[in-house]
Amino acid sequence: MHAVASPAAARPARRLALAGWSALPDALHAEWTKLWTLASTWWLLAAAAAITVAVSAAAAAGATCGPLGCAPAQTGADPVKISLTGVDVGQVVVALLAVLAVGGEYGHAMIKVTLAATPRRLVMLAAKAAVVACWAIIAGTVAVLGSVLAGGLILPGRGLSAANGYLLVSLGNGPVLRAALGSVLYLALIALLAVGVTTAVRDSAAGIGLVLGLLYLFPIAAAALPDHVLARHLEQVAPMTAGLYVQVTVGLQALPLAPWQGLGVLALWALGALILGAVVLRLRDA
Amino acid sequence: MTVIAPYRSGQRPGPDGFAQLLHAEWTKFRTVRGWVIGTIVAVVVAAGIGLLGTGSGQHFCQQVASIGPARSGADCGLPVFRLGPDGEPVSDSFFFVRQPLAGNGSITVRVTSLTGLLPSSNPNGPPAPTRPGLQEWAKAGIIIKQDTGQGSRYAALMVAGGHGVRMQWNYTADTPGLPGIVGPASPRWLRLTRAGDVITGYDSADGTRWAQVGTVTLPGLPSTVQAGLFTASPDDNQESQHLGGGVNAGGGPTQATAVFDHVTAPGGSFTGGYVGSAEIPGTGGYHQAGGRYTVTGSGDIAPIPAGHGGPADAAATLTSYLLGTFAGLIALTVVAAMFMTAEYRRDLIRVTLAASPRRGRTLAAKAVVIGAVSFAAGLVSAIVALMAGTAITHARGYYEFPVAGPTVVRVVIGTAALAAVSAVLALAIGAMVRRSATAVAIVIAAIVLPYFLAVAAVVPLGAADWLLRITPAAGFAVQGPYPAYPQVTAIYSALSGYFPLAPGAGFAVLCGWTAVALAGAAWLLRRRDA
């Protein structure tokens with residue numbers, strides 16, 4: 001029985017694996033085509049960038065010095081983080097884009113066609129994740145560049161100027177570049193997290209609900225917790241709060257984690273979600 | 001010519017009333033396992049997250065004990081706060097230059113100056129106030145008080161640091177008199193008159209033309225009360241807005257000094273002393289020379305607001321028990337949106353509309369079913385969260401900020417109504433966009449995101465207030481358990497349960513958005529092909 005089960009079983013497993021992954025470029029091409037031929041992708045990309053820049057600009061325009069004066073010690077203000085506030089909101093659209101890229105396949109049973117064309121499921125998932133992350137990076141770059149530009153133009157007029165001792169919001173500054181680059185990667189990791197979660201639950205509505213719940217649950221709980229030690233622990237393991245440490249340029253010593261470590265926490269969440277998604281994809285019928 | 005009679009089914013038509021439609025929609029809901037699970041998840045997370053807010057480490061208990069005199073050193077002692085006549089926590093400590101007032105009578109003074117000291121702006125400075133300046137609610141004037149016990153009934157007429165003449169009574173009531181800052185060039189005459197249980201306050205700029213500020217009935221006032229001059233100056237809550245993240249509460253004790261003359265009081269000599277005790281020993285006192293009384297004091301005669309950054313920071317609140325509501329709303333949003341969009345995904349909508357061709361009615365039936373289910377889910381989660389939260393708080397010996405019974409009922413029903421209307425909003429958005437993920441994202445961005453931006457202090461307080469006024473997140477106001485007091489400086493943030501709109505108004509904003517969405521959904525449902 002075993003002998004006739006499959007000619008492929010006779011081949012060395014190693015070659016089989018290689019044969020599967022050699023389909024990656026084609027899978028990438030397929031996923032790329034699927035995504036960019038959807039009108040909704042373009043709308044969502046434009047919305048992600050526009051919303052991020054608009055919220056960032058509004059946050060910068062709303063910044064004030066407070067009653068004690070404009071010195072950095074008095075306000076505690078972080079001009080870079082203010083300039084990048086829009087990422088808190090824009091990530092909803094990026095997550096939605098990622099969720100739809102996966103959930104849309106299940107919604108219309110397209111997944112059966114996809115898996116017929118790319119039977120190596122992990123190859124399909126890797127290709128999809130890569131394409132979605134790529135789009136998120138494109139949208140994120142536009143969004144973050146716009147936000148930094150808006151912050152650099154607006155904040156000095158609100159008293160948070162280099163003359164008052166604040167960091168100049170310009171990509172020429174090391175910490176600003178780190179925060180900007182980190183924010184783009186943050187959005188890409190949020191997209192990967194959403195791909196993983198949605199692959200695991202196989203439904204776009206449940207996927208977006210879970211992803212947004214995961215993102216906003218921790219900071220709200222941490223803000224309300226009376227126990228500040230527990231709240232700090234919660235913040236340093238939460239995908240959103242830890243991931244956004246990468247935007248901080250003031251009071252780094254007080255942060256529970258270094259900026260890149262915080263982004264690493266989010267990367268672990270994204271990796272965990274992708275592994276969970278991969279396991280579910282492998283084990284369950286489509 | 002043969003006439004072919006059109007086919008008519010021998011079956012009698014079934015009833016097609018609204019009740020049948022409701023039954024059909026309810027059957028759809030309860031037979032989809034994922035939706036039932038989603039609803040249960042909503043209840044569990046909404047109730048469970050609140051439990052996080054109920055307890056923490058030992059420092060919490062010590063912090064409470066340090067606020068007020070605990071009954072014993074070991075346990076955290078209940079009640080911790082002095083309670084006012086209506087059972088609300090109050091601060092009642094001030095320097096009181098008093099004399100007994102028997103029967104009816106009246107006391108008149110002229111206030112010529114009110115100055116003060118604020119905490120040093122250096123965070124590592126001395127604890128005692130050193131910086132010249134007046135706390136905006138520093139108060140000096142005359143008071144008629146039941147006795148010298150903290151929390152007893154009173155009526156007082158005063159000049160406040162930055163708020164002109166005020167008449168206040170029984171801690172929570174406050175009404176304005178003459179505006180303007182008091183000083184040697186603009187003195188203020190104050191008069192309190194007692195007639196039975198009725199106390200009336202008058203003010204005047206020149207001592208001849210008097211105007212009534214307010215009149216108040218204090219039932220059960222004994223025949224002999226304490227009357228006299230007082231000065232108080234509440235802690236300075238230097239709420240510095242941490243731009244782009246959090247609110248810092250700093251500050252510390254302040255003190256104020258007032259100068260009185262033209263004192264007319266029926267009793268004999270005055271005695272001076274603190275009601276309660278001075279926060280910093282040694283502050284406070286009075287001296288009299290040639291009819292001029294100089295009175296220095298700190299403390300406050302006012303209600304204590306609940307929540308973060310104030311004296312009640314460590315007390316558990318209803319708001320913390322109900323913290324999980326937003327997470328429950330996310331789950332309910334998913335269920336409610338899918339209740340509509342799943343019809344489109346599987347083309348079930350054609351069957352549904354064939355069975356019930358009047359599309360508006362179908363939408364209404366769906367709204368009723370999902371609203372009722374969400375109302376029940378919200379009700380269960382709120383009751384469980386409040387009961388469990390209260391039980392845990394009491395079992396651990398922590399302090400729970402007191403709240404009136406009718407308010408608890410309003411908060412519980414309000415939470416259920418918030419869940420119901422949010423679910424209907426999700427259903428309506430789902431009917432409009434017909435894609436579940438997009439609908440869920442829109443509703444979460446409309447309800448949970450503004451709440452997050454306000455609560456996690458991502459945006460400044462002013463912007464947060466506007467978000468909670470105009471977005472559907474205004475509906476969270478139905479959960480606001482405690483009144484905000486304009487006459488008490490505090491951080492009234494959504495995190496502590498203070499919303500910029502009154503409960504009914506906030507809920508009306510959410511209902512307004514939902515009504516617009518439902519109307520749009522009904523219009524699109526009629527206009528579009530299914």
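Residues numbered from 1 in each chain as written. Chains lettered and ligands numbered in written order. Predicted model: local features only at pLDDT ≥ 70, side-chain atom pairs only at ≥ 80, totals over all residues. Heavy atoms only, no water.

Trainee: Teacher, can you tell me more about the overall build of chain B here?
Mentor: Regarding its fold elements, chain B presents eleven helices and 19 strands. Burial statistics for chain B: of 530 residues in total, 52% are counted as buried. Of the accessible surface of chain B, which amounts to about 21,600 Å², a share of 61% is contributed by carbon and sulfur atoms. (Helix = DSSP H or I, 4+ residues; strand = E, 2+ residues; numbered from the N terminus. Buried < 20%, exposed > 50% of the residue type's maximum accessible area, 1.4 Å probe, protein only. Areas by Shrake-Rupley, 256 points an atom, 1.4 Å probe, with all protein chains shown as cover.)

Trainee: Got a minute to help me understand the overall build of chain A in this structure?
Mentor: For chain A, the helix and strand inventory stands at 14 helices and zero strands. When its helices and strands are written in sequence order, chain A yields α-α-α-α-α-α-α-α-α-α-α-α-α-α. Out of the 286 residues in chain A, the part that is buried amounts to 52%. Of all intrachain contacts in chain A linking residues separated by at least 6 positions in sequence, the fraction that spans at least 24 positions is 77%. Carbon and sulfur atoms make up 71% of the accessible area of chain A, which amounts to about 12,200 Å² in all. (Contact = heavy atoms within 4.5 Å.)

Trainee: What exactly am I supposed to notice about the pattern of salt bridges here?
Mentor: Residues and elements named next belong to chain B. All told, the structure shown has eleven salt bridges over all chains when counted by the stated rule. Among the salt bridges present, the one from K28 reaches E25, with a minimum N-O distance of 3.1 Å. Here the residue K28 and the residue E25 both occupy positions in helix α1 (residues 18-31), the gap between them amounting to three residues, near one helical turn. You'll find K28 and E25 in the same group, each marked buried. For the salt bridge of K366 with E343, the shortest nitrogen-to-oxygen distance reads 2.6 Å. Here K366 is found in helix α7 (residues 359-395), whereas its partner E343 is found in helix α5 (residues 325-345), with 23 residues between them in sequence. (Salt bridge = Lys/Arg side-chain N within 4 Å of Asp/Glu carboxyl O.)

Trainee: Would you explain unusual backbone geometry in this entry?
Mentor: What you tend to see is this: most non-glycine residues have negative phi, and most peptide bonds are trans. Residues and elements named next belong to chain B. If you check the backbone angles, N170 has positive phi at about 45 degrees while not being a glycine. As for its position among the elements, N170 is in the loop between β7 (164-169) and β8 (173-176). For N170, a relative accessible area of 11% translates into the label buried.

Trainee: How should I be thinking about helix α10 (residues 174-201) of chain A in this particular structure?
Mentor: Given 3.6 residues per turn, any residue in an α-helix points the same way as the ones three and four places further on. Counted at 1.5 Å a residue, the expected span for α10 of chain A with its 28 residues is 40 Å, and the 40 Å between its end C-alpha atoms agrees. By the criterion of burial, α10 of chain A is predominantly enclosed, with 22 of the 28 residues buried. (Expected span 1.5 Å × (residues − 1).)

Trainee: What's the story with the side chain of R166 of chain B in this structure? I'm lost.
Mentor: Residue and element names in this part refer to chain B. Looking at the secondary structure, you find R166 in strand β7. Polar side-chain contacts of R166 include one of 2.7 Å to the side chain of D174. Apart from residues lying up to four places away in sequence, R166 is in contact with W137, A156, L157, M158, A160, D174, T175, P176 and G177. (Polar contact = N/O pair within 3.5 Å; in protein donor to acceptor, adjacent residues only side chain to side chain.)

Trainee: In this structure, what is going on with a nonpolar patch on the surface? I would like to understand it.
Mentor: Residues and elements named next belong to chain A. Together, L268, L271, I275, V279 and L283 make up a nonpolar patch on the protein surface, roughly 520 Å² of accessible area in all. Structurally, the position occupied by L268 is in helix α14 (residues 259-283). For L268, a relative accessible area of 60% puts it in the exposed group. (Patch = residues over 30% accessible without salt bridge, like charges linked within 9 Å, V, L, I, M, F, W, Y side chains within 5 Å.)

Trainee: It is not clear to me how the pairing of strand β11 (residues 211-217) of chain B should be interpreted in this structure. Could you clarify?
Mentor: Working note: regular strand, side chains alternate between the two faces of the sheet. As judged from the six bridges shared by strand β10 (residues 198-204) of chain B and β11 of chain B, these two strands associate in the antiparallel manner. Within the sheet, the bridge partner assigned to Y202 of chain B lies in β11 of chain B and is Q212 of chain B. (Pairing = 2+ DSSP bridges.)

Trainee: What is the right way to look at the nonpolar core in this model?
Mentor: Soluble globular proteins: nonpolar side chains tend toward being buried together. The biggest cluster of nonpolar side chains holds 135 residues, and the ones touching the most others in it are Y186 and I208 of chain A together with I370 and F476 of chain B. Filtering out sequence-adjacent residues up to four positions away, Y186 of chain A remains in contact with V87, Q91, P239, M240, G243, L244, L263 and L266 of chain A. (Core = buried A, V, L, I, M, F, W, Y, C linked by side-chain atoms within 4.5 Å.)

Trainee: Mind showing me how you'd approach the packing of helix α9 (residues 121-154) of chain A against α10 of chain A here?
Mentor: In helix packing, the relevant descriptors are the interaxial angle and the interaxial distance, both defined with respect to the helix axes. Residue and element names in this part refer to chain A. Where α9 contacts α10, the two axes come as close as 8 Å, and the packing angle between them is 145 degrees. α9 and α10 meet at a crossing whose hand is right-handed. Touching L125, A129, V132, A133, A136, I137, G140, T141, V144 and V148 of α9 are A180, S183, V184, L187, A188, A191, L192, V195 and T199, all from α10. Here the contact of α9 with α10 is composed, by residue class, of 15 nonpolar, four polar and no charged. (Axes fitted to C-alpha atoms, helices over the stretch in contact; angles between N-to-C directions. Left-handed = near helix turned anticlockwise from the far one by under 90°. Nonpolar A, V, L, I, M, F, W, Y, C, P; charged D, E, K, R; others polar.)

Trainee: Just to check I follow, could you spell out the confidence of the model for chain A for this structure?
Mentor: Low-confidence regions, as indicated by low pLDDT, have predicted coordinates that should not be scrutinised in detail. Residues and elements named next belong to chain A. Per-residue pLDDT for chain A averages 82, and the proportion of residues at 70 or more is 89%. Mean pLDDT across the elements of chain A bottoms out in helix α1 (residues 2-5) (45) and peaks in α10 (92). Here residues 1-11 scores under 50 on pLDDT; set against residues more than four positions off or in separate chains, the count is one contact. (pLDDT = per-residue confidence, 0-100.)

Trainee: Can you walk me through the packing of aromatic side chains in this structure?
Mentor: We describe a pair of aromatic rings using the distance from one ring centre to the other and the angle between the two ring planes. Residues and elements named next belong to chain B. Evaluated as defined, the whole model comprises 19 aromatic pairs over all chains. For the pair F95 and Y286, a centre-to-centre distance of 6.4 Å together with 45 degrees between the ring planes defines the contact as tilted. In this pair, F95 is assigned in strand β2 (residues 89-102) and Y286 in strand β17 (residues 285-289), connecting sequence segments 191 residues apart. An angle of 80 degrees between the planes, with centres 4.8 Å apart, marks the rings of Y492 and Y498 as edge-to-face. For Y492, a relative accessible area of 22% gives the class partly exposed. By relative accessible area, which is 4% here, Y498 ends up buried. Here the aromatic cluster, defined as three or more aromatic residues joined through ring pairs, consists of F95, F270, Y274, Y286 and Y293. The ring of F339 is capped by K366, whose NZ or CZ atom sits 4.1 Å from the centre of that ring. If you follow R469 out to its NZ or CZ, it ends over the ring of W466, 4.6 Å from the centre. (Phe/Tyr/Trp six-rings, centres within 6.5 Å; stacked < 30°, edge-to-face > 60°. Lys NZ or Arg CZ within 6 Å of the ring centre and 35° of its normal.)

Trainee: Explanation requested: the packing of helix α3 (residues 24-36) of chain A against α9 of chain A in the structure shown.
Mentor: Residues and elements named next belong to chain A. One can describe the packing of α3 onto α9 by two numbers: an axis separation of 8 Å at closest approach and a directional angle of 50 degrees. Our classification of the angle between α3 and α9 gives oblique. Crossing geometry of α3 relative to α9 is assigned as right-handed. Listed contacts from α9 to L24, A27, L28, E31, W32, K34, L35 and W36 of α3 are V123, M124, A126, A127, K128, A130, V131, V132, C134 and W135. (Parallel < 35°, antiparallel > 145°, perpendicular 65-115°, else oblique.)

Trainee: Help me understand the confidence of the model for chain B, please; the structure alone is not making it clear to me.
Mentor: Here chain B shows a mean pLDDT of 83. Residues at 70 or above account for 90%. Below a pLDDT of 50 lies the segment residues 240-249 of chain B, which in the model reaches 34 contacts outside its immediate sequence neighbourhood of four places, other chains included.

Trainee: Got a minute to help me understand the environment of P303 of chain B in this structure?
Mentor: Summarising the element assignment, P303 of chain B is placed in strand β19 (residues 300-303). Remark: the alpha-carbon pair of P303 of chain B and Q487 of chain B, spanning 184 residues in sequence, is separated by 9.0 Å.

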